[in-house]
Amino acid sequence: MDNALNVLNNIRTLRAQAREMPLSTLEEILEKMTAIVEESRENVKARSAQQQERDEKLLKYREMLANDGIAIDDLLGHQPTKESGKAKRKPRPAIYEYTDTDGSKKTWTGQGRTPSAIKAALDGGATLESFLIAR
């Protein structure tokens, strides 16, 4: 909140400020604040009435659709989607092939952590190109 609004929202600060003001000024402030509060109440009532009217219309339309046997998704033309609706990307193909410490042949896409067998070979002077899969 703004500093001025913090002052208005704190009763102790208001009392301290009010001690230095004449009563006529305080009454003017009260009239202005009352007008602002009333405007705000009217705005809230108007928004509430609009929302209620909208909700009533929606209920009426839902009932009409249900009576006619029409689903909302049919009306909108939506097709049922999978749970998230996000398409998963295809897995990346393996680029490198190596022999693991237990003697089994494995592949690596080149993404993520470097496998320990390749890392050990690289530390020993081998190049990453030596692990490329022949295509």
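Being a predicted model, the structure only gives us computed values, none of them experimental.

### A few points about the overall build of the chain
When you go through the chain residue by residue, the secondary structure sums to five helices and two strands. Listed by position from the N terminus, the elements making up the chain come as α-α-α-α-β-β-α. For 135 residues, the compact-globule estimate of 2.2 N^0.38 gives 14 Å, and the C-alpha radius of gyration of the chain, at 36 Å, exceeds that figure by more than 25%. Across the 135 residues that make up the chain, the buried fraction comes to 7%. Residue pairs in contact within the chain that sit at least 24 positions apart in sequence constitute 25% of those at least 6 positions apart. Surface exposure of the chain reaches about 12,200 Å², of which carbon and sulfur atoms provide 52%.

### Thoughts on the domain arrangement of the chain
Each assigned domain of the chain is listed with its residue range as follows: domain 1 (3–76) and domain 2 (96–131). Computed from C-alpha atoms alone, the centre-to-centre distance between domain 1 and domain 2 is 65 Å.

### Description of the UniProt feature "domain: DNA-binding protein H-NS-like C-terminal" (unreviewed entry) in the chain
UniProt feature "domain: DNA-binding protein H-NS-like C-terminal" (unreviewed entry): in the numbering of this structure it lies at residues 86–133. This span, residues 86–133, is 17% helix and 17% strand, and a straight line between its end C-alpha atoms measures 32 Å.

### Focus: the nonpolar core
Judged by nonpolar contacts, Tyr96, Tyr98, Trp108, Ala117, Ile118 and Phe131 together constitute the single largest core of six residues. Residue assignment for this core shows that the elements contributing at least two residues are β1 (96–99) and α5 (116–123).

### Let's talk about the pairing of β1
Of the two faces of β1, the one lined by Tyr96 and Tyr98 is fully buried and the one lined by Glu97 and Thr99 carries no buried residue. Here β1 pairs with strand β2 (residues 105–108) via four bridges, running antiparallel. Bridge pairing in β2 places Tyr98 opposite Lys106. Hairpin connection between β1 and β2: a loop of five residues separates the two successive antiparallel strands, and Gly103 in this loop has a positive phi of roughly 95 degrees.

### Remarks on the layout of surface pockets
By volume, the largest pocket amounts to about 190 Å³. Secondary-structure elements contributing two or more residues to the lining of the largest pocket are α1 (3–8), α2 (11–19) and α3 (23–68). For the lining of the largest pocket, the element with the highest residue contribution is α2, accounting for three residues. Across the lining of the largest pocket, the residue classes tally to seven nonpolar, one polar and no charged.

### Quick look at the UniProt feature "DNA-binding region" (unreviewed entry) in the chain
According to UniProt, the feature "DNA-binding region" (unreviewed entry) maps to residues 111–116 in the numbering used here. As annotated, residues 111–116 has a helix share of 17% and a strand share of 0%, and its two end C-alpha atoms lie 14 Å apart.

### Digging into the environment of Gly69
With respect to the helices, strands and loops of the structure, Gly69 is situated in the loop between α3 and α4 (72–76). Residues Gly69 and Glu20, 49 residues apart in the sequence, show an inter-C-alpha distance of 71 Å.

Calculation notes
Residues numbered from 1 in each chain as written. Predicted model: local features only at pLDDT ≥ 70, side-chain atom pairs only at ≥ 80, totals over all residues. Heavy atoms only, no water. Helix = DSSP H or I, 4+ residues; strand = E, 2+ residues; numbered from the N terminus. Rg over C-alpha atoms; globule rule 2.2 N^0.38 Å. Buried < 20%, exposed > 50% of the residue type's maximum accessible area, 1.4 Å probe, protein only. Contact = heavy atoms within 4.5 Å. Areas by Shrake-Rupley, 256 points an atom, 1.4 Å probe, with all protein chains shown as cover. Domains from an automatic or database assignment. UniProt positions renumbered as here; feature names shortened; annotations may be inferred. Core = buried A, V, L, I, M, F, W, Y, C linked by side-chain atoms within 4.5 Å. Pairing = 2+ DSSP bridges. 1 Å grid on protein atoms, 1.4 Å probe; cavity = no way out; pocket = protein on both sides within 12 Å on 5 of 7 lines; lining within 4 Å. Points joined across faces, edges and corners; volume = space filled by probe spheres on them. Nonpolar A, V, L, I, M, F, W, Y, C, P; charged D, E, K, R; others polar.

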